[in-house]
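# An overview of the molecular structure
Take a look at the letters that make up each chain.
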Amino acid sequence: MTKRQEDLSDVKKKLSEFGQEHLLKYFDELNESEKDSLLEQIQTTDMTCISQVQNKNHLAEKGKITPLTAMELPEIEDNRESFKKTGLEAIRSGKVAAVLLAGGMGTRLGSDNPKGMYDIGLTHPLYIFECLIKNLTDLTKEAGYPIHLFVMTSDKNHDKTVSFMTEKNFFGYDKNFIHFFKQEMAPATDYEGKIYLEAKDRLATSPNGNGGWFISMQKAGLLDLVHKEGIEWLNTFAVDNVLQRIADPVFVGATIQKKCAVGSKVVRKASPDEKVGVMCLEDGKPSIVEYYELTEELMNAKDAKGDPAYNFGVILNYLFNVKALESLSEKLSLHIVEKKIPFIDENGNPIKPEKPNGYKFETLVLDMIHKMDSCLPFEVVREKEFAPIKNATGVDSVESARELLKKNGVTL
């Protein structure tokens, strides 16, 4: 029996187990390399999530939500020097690294490139990646010590991201301290849990959500480097906030001094109904409740000072303790999201649906936080650290980010 015959036999067993035999419908029409590619994709795709489709309403259920007190700006200012000293000591000891979540595309900005390649400059090119690397460089200059940056890409943008960063000479950052890894992909299904074919030789897949970053790092073998370098803290942040302060020593020091397993940068909400997830306790453990899950009762709840009890929105800037991450034994909760999924029909013709036609499967960072015993919500000044670019115009857009960059002295 040839290797391909063995692989095909294994694949048929797997597909039978998960009820996905239709994925080999066009196998005999494929050329040799397409056959190998399809078999490899089926072998490496985790299909265990599919069984949860029938259970999706139960998965979305939340526990009892109660407030989680944040460390607010006055307390941070009172302890700034002490926190900063602790943070800089950790950075200079090589105990802190950063993880950039950059698997997304700039589709909503009208670009076919990775989101980080988007140019927000007016009089000269200024790329999102460039803004983030500059922010990181500010920290390494202050600390006098370079930190490792792990960049998570996806199947869809890996090659373009790596070639762009290489071509730009990593915007002056030491390339020996930048490491790329691909996010794991999850299958996309119809409403019955049948995986779509995107092409005759390719399953429809999508990135497995921002909660997949640590397992993706692990599978890429990068935890060996983390252990070898003695890295104890990973500052995980999103690509779309160009004012992110990365490995901020005050934030690092506060999280260490408070002996928390994770720190979360937060901003005071602009309005009770602002579309940001908020820090809370869920069944007594740290968690995040998404804006669309906030009931009127929670939105209007007050704390002892008379302020809104759920007043601090997350900005996707977290400091995780590596040991705490490695001790997570159980799988993260699964989120099943209704989406528009391109596929081929029964005649093999490509279809781009105009309305949702199935499910994608994601894990989220908020579920990593819920597995931790302790979390420090750490308030930052939103005008100085929160300029998300989610849309081309309007709220959280290229336009609003440009205005905030100008206020912070960045020449566009």
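The preceding data block contains the structure.
All of the points below concern the structure found in this document. Being a predicted model, the structure only gives us computed values, none of them experimental.

## Regarding helix α7 (residues 158-167)
Owing to its 3.6 residues per turn, the α-helix brings residues three or four apart onto one side. Along α7, the positions that sit buried rather than exposed are H158, T161, F164 and M165. The buried side chains of α7 occupy one side of the element, clustering within an arc of 140 degrees when seen end-on. Away from its buried face by more than 90 degrees, α7 exposes D159 and E167. Elements that come into contact with the buried residues of α7 comprise α6 (128-143), β3 (149-153) and β4 (178-182). Positioned one or two residues after α7, N169 has a phi angle of 55 degrees, which is positive.

## Overview of the environment of P249
Topologically, P249 is positioned in helix α10 (residues 249-257). P249 sits in the buried class, given a relative accessible area of 5%. Distance from P249 to I195, taken between C-alpha atoms, is 45 Å for residues 54 residues apart in sequence. Not counting residues up to four positions away in its chain, the partners in contact with P249 are F83, K84, G87, L88, I91, L139 and E142.

## Considerations on the layout of surface pockets
For the second largest pocket, the calculated volume is near 1200 Å³. Lining the second largest pocket are 38 residues; nearest its centre among them are D46, E184, N208, I215 and K219. When residues of the lining of the second largest pocket are traced back to their parent elements, those giving at least two are α2 (32-44), β5 (185-187), α8 (213-219), α12 (322-326) and β17 (358-362). Here the lining of the second largest pocket takes five residues from α8, the largest share from any one element. Looking at the lining of the second largest pocket residue by residue, the classes come out as twelve nonpolar, 15 polar and eleven charged.

## Things to note about the environment of N241
Turning to its location among the elements, N241 is positioned in the loop between β9 (233-238) and α10. Residues N241 and L316, 75 residues apart in the sequence, show an inter-C-alpha distance of 8.8 Å. Apart from the residues within four sequence positions on either side, N241 is in contact with L132, I315, E385, F386, A387 and P388. Within the structure, the side chain of N241 is placed 2.8 Å from the backbone oxygen of E385, a separation counted as a polar contact. Polar side-chain contacts of N241 include one of 2.8 Å to the backbone nitrogen of A387.

## Overview of α2
Counted at 1.5 Å a residue, the expected span for α2 with its 13 residues is 18 Å, and the 19 Å between its end C-alpha atoms agrees. Along its buried surface, α2 packs onto α1 (3-18), β7 (202-203) and β8 (205-207).

## Focus: empty space enclosed by the protein
Across all of its chains, the model carries one cavity of 30 Å³ or more by this definition. One number sums up the size of the largest cavity: a volume of about 40 Å³. In this structure, the largest cavity is lined by L100, F129, L132, I133, L136, L149, M165, F237 and I246. The element contributing the most residues to the lining of the largest cavity is α6, with four residues. Across the lining of the largest cavity, the residue classes tally to nine nonpolar, no polar and no charged.

## Quick notes on the nonpolar core
Among the nonpolar cores identified, the biggest contains 59 residues, and L100, I120, F129, L149, V242 and F378 are the most heavily contacted of them. With eight residues, α6 is the single largest residue contributor to this core. When sequence neighbours within four positions are dropped, the list of residues in contact with I120 reads L126, I128, C131, V242, I389, V398, R402, L405 and L412. If you look at the next biggest cluster of nonpolar residues, it comprises 39 residues, including L101, L281, V314 and F320.

The rules behind the values
Residues numbered from 1 in each chain as written. Predicted model: local features only at pLDDT ≥ 70, side-chain atom pairs only at ≥ 80, totals over all residues. Heavy atoms only, no water. Buried < 20%, exposed > 50% of the residue type's maximum accessible area, 1.4 Å probe, protein only. Helix = DSSP H or I, 4+ residues; strand = E, 2+ residues; numbered from the N terminus. Arc of directions from axis to C-beta. Contact = heavy atoms within 4.5 Å. 1 Å grid on protein atoms, 1.4 Å probe; cavity = no way out; pocket = protein on both sides within 12 Å on 5 of 7 lines; lining within 4 Å. Points joined across faces, edges and corners; volume = space filled by probe spheres on them. Nonpolar A, V, L, I, M, F, W, Y, C, P; charged D, E, K, R; others polar. Polar contact = N/O pair within 3.5 Å; in protein donor to acceptor, adjacent residues only side chain to side chain. Expected span 1.5 Å × (residues − 1). Core = buried A, V, L, I, M, F, W, Y, C linked by side-chain atoms within 4.5 Å.

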